[in-house]
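Letter by letter, the chains look like this.
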Amino acid sequence: MLDADFFRRWMAVTSTTVDREAERLTALDSPIGDADHGSNLRRGFSAVRAALDKEPPATPGAVLTRSGRLLISTVGGASGPLYGTLLRRTGKALGDAPEVSREQLAEALRTGVAAVRQLGGAAPGDKTMIDALVPAVDALGDSFAAARAAAEKGAVATTPMRARKGRASYLGERSIGHQDPGATSAALLIACLAETSETSEASEASGTYEAGEVSGG
Ligand code: ADP
Ligand code: MG
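Residues numbered from 1 in each chain as written. Chains lettered and ligands numbered in written order. Predicted model: local features only at pLDDT ≥ 70, side-chain atom pairs only at ≥ 80, totals over all residues. Heavy atoms only, no water.

- Within an unreviewed UniProt entry, the label attached to the protein chain reads Dihydroxyacetone kinase subunit DhaL, and the organism entered is Streptomyces pratens.

**Concerning the packing of helix H3 (residues 60-74) against helix H4 (residues 79-94)**
At step 1: Here H3 crosses H4 at 160 degrees, and the two axes come no closer than 7 Å. Between H3 and H4, the angle falls in the class roughly antiparallel. Here the hand of the crossing between H3 and H4 comes out left-handed. Every residue of H4 that contacts H3 at Pro60, Gly61, Leu64, Thr65, Ser67, Gly68, Arg69, Leu71 and Ile72 is listed here: Gly80, Pro81, Tyr83, Gly84, Thr85, Leu87, Arg88, Thr90, Gly91, Lys92 and Leu94.
At step 2: Looking at side-chain class alone, the contact of H3 with H4 contains eight nonpolar, nine polar and three charged residues. (Axes fitted to C-alpha atoms, helices over the stretch in contact; angles between N-to-C directions. Helix = DSSP H or I, 4+ residues; strand = E, 2+ residues; numbered from the N terminus. Parallel < 35°, antiparallel > 145°, perpendicular 65-115°, else oblique. Left-handed = near helix turned anticlockwise from the far one by under 90°. Contact = heavy atoms within 4.5 Å. Nonpolar A, V, L, I, M, F, W, Y, C, P; charged D, E, K, R; others polar.)

**Observations regarding the environment of Ala183**
At step 1: Note that Ala183 resides in helix H8 (residues 181-216).
At step 2: You can call Ala183 buried: its relative accessible area is 0%.
At step 3: For Ala183 and Glu204, which are 21 residues apart along the polypeptide, the C-alpha to C-alpha distance reads 32 Å.
At step 4: Among residues more than four places away in sequence, those in contact with Ala183 are Thr128, Met129, Ala132, Ala155 and Thr158. (Buried < 20%, exposed > 50% of the residue type's maximum accessible area, 1.4 Å probe, protein only.)

**Some words on the pattern of salt bridges**
At step 1: Under the definition given, this model contains 13 salt bridges.
At step 2: Between Glu103 and Arg102 there is a salt bridge; the shortest N-O distance is 3.5 Å.
At step 3: Note that Arg110 and Asp138 form a salt bridge whose closest N and O atoms lie 3.0 Å from each other. With Arg110 in helix H5 (residues 102-120) and Asp138 in helix H6 (residues 130-140), this pair connects stretches of sequence that are 28 residues apart.
At step 4: Residue class for Arg110 comes out partly exposed when judged on its relative accessible area of 35%.
At step 5: Residue classification places Asp138 among the partly exposed residues on the basis of a relative accessible area of 46%. (Salt bridge = Lys/Arg side-chain N within 4 Å of Asp/Glu carboxyl O.)

**What about the UniProt feature "domain: DhaL" (unreviewed entry) in the protein chain?**
At step 1: Under the feature "domain: DhaL" (unreviewed entry), the UniProt entry names residues 5-195.
At step 2: Structurally, residues 5-195 comprises 69% helix and 1% strand, and the distance from its first C-alpha atom to its last is 14 Å. (UniProt positions renumbered as here; feature names shortened; annotations may be inferred.)

**Description of the packing of aromatic side chains**
At step 1: Counted under the stated rule, the structure contains three aromatic pairs.
At step 2: Judged by centre distance (5.5 Å) and plane angle (70 degrees), the rings of Phe6 and Phe7 are edge-to-face. Neither Phe6 nor Phe7 differs from the other in exposure class; each is buried.
At step 3: Each member of the aromatic cluster is reached from another via a ring pair, and the members are Phe6, Phe7, Trp10 and Phe144. (Phe/Tyr/Trp six-rings, centres within 6.5 Å; stacked < 30°, edge-to-face > 60°.)

**Regarding the site of ligand 1**
At step 1: Neighbouring residues of ligand 1: 20 residues in total, closest His37, Asn40, Ala78, Ser79 and Asp180.
At step 2: Separating an oxygen atom of ligand 1 from a side-chain N or O atom of Asp180 is a distance of 2.6 Å.
At step 3: Considering ligand 1 on its own, with 570 Å² of exposed area, one finds that the protein chains cover 92% of that surface.
At step 4: The cavity that encloses ligand 1 is the largest pocket. (Near = heavy atom within 4 Å. Polar contact = N/O pair within 3.5 Å; in protein donor to acceptor, adjacent residues only side chain to side chain. Areas by Shrake-Rupley, 256 points an atom, 1.4 Å probe, with all protein chains shown as cover. 1 Å grid on protein atoms, 1.4 Å probe; cavity = no way out; pocket = protein on both sides within 12 Å on 5 of 7 lines; lining within 4 Å. Sits in = over half its atoms within 2 Å of the grid points.)

**Quick notes on helix H7 (residues 144-156)**
At step 1: In this model, H7 (13 residues) spans 19 Å end to end at C-alpha, consistent with the 18 Å of a helix rising 1.5 Å per residue.
At step 2: Within H7, burial applies to Phe144, Ala147, Ala150, Ala151, Gly154 and Ala155. The arc enclosing the buried residues of H7, seen along the axis, measures out at 135 degrees, which places them on a common side. (Expected span 1.5 Å × (residues − 1). Arc of directions from axis to C-beta.)

**Quick notes on the nonpolar core**
At step 1: Ranked by internal contacts, the top residues of the largest apolar core, which has 50 residues, are Phe7, Met11 and Leu105.
At step 2: Contributions of two or more residues to this core are made by helix H1 (4-28), helix H2 (37-54), H3, H4, H5, H6, H7 and H8.
At step 3: Broken down by element, this core gets its largest block of residues, nine residues, from H8.
At step 4: Not counting chain neighbours up to four residues away, the residues in contact with Leu105 comprise Leu2, Phe7, Thr90, Leu94, Leu140, Phe144 and Leu193. (Core = buried A, V, L, I, M, F, W, Y, C linked by side-chain atoms within 4.5 Å.)

Spelled out as structure tokens, the structure:
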């Protein structure tokens, strides 16, 4: 089961990863956008991390709704309201349960992704974050690792697409041949989710090992 601490760690790992990848995200946003995607997300997720460290919310739902609201208020670009809506609506769907299962998270994320589609009007194939998020949510029912692989594949698949939403759509045909920055960052968000699940499994396994050592010694 996934508790509030798991979700807080997911947001912290995402902040670290976005920091590390900010230049690459901004570079992707340069030929088909305005070269600010990395700095937008870096600003947003640092604010999220600082707020969650200062005052840790008690439930998974509260971690995500708080994070979503902060992204909406701190990120100027299109991606702020879109990612903000994703996290806020996913958090709302989780309600106030103290712990949730991976399957419950998959269902809640499906609601969050539907809200992003409604807000931005993008469908799969439009060369946006939706192209990474939709396959990720579908695969999350199987495993965290499957979701990570599906999101990465979805992001790579945006390269030959012609953008139909967002700034890149102004370029028409010239948007073809570039990987979408938002689909790339969405794949990072899902990779960070998988990474968080792996580090919790590792610490659970080492906990068992220590207990075994004590009883054995
Ligand atoms: P801006 O385009 O305002 O500069 P960012 O550079 O931070 O904002 O984010 C750009 C990314 O946002 C795009 O690569 C795309 O994935 C995503 N995006 C833009 N418009 C939409 C939309 N209508 N629906 C879904 N995603 C969108
Ligand atoms: Mg941009």
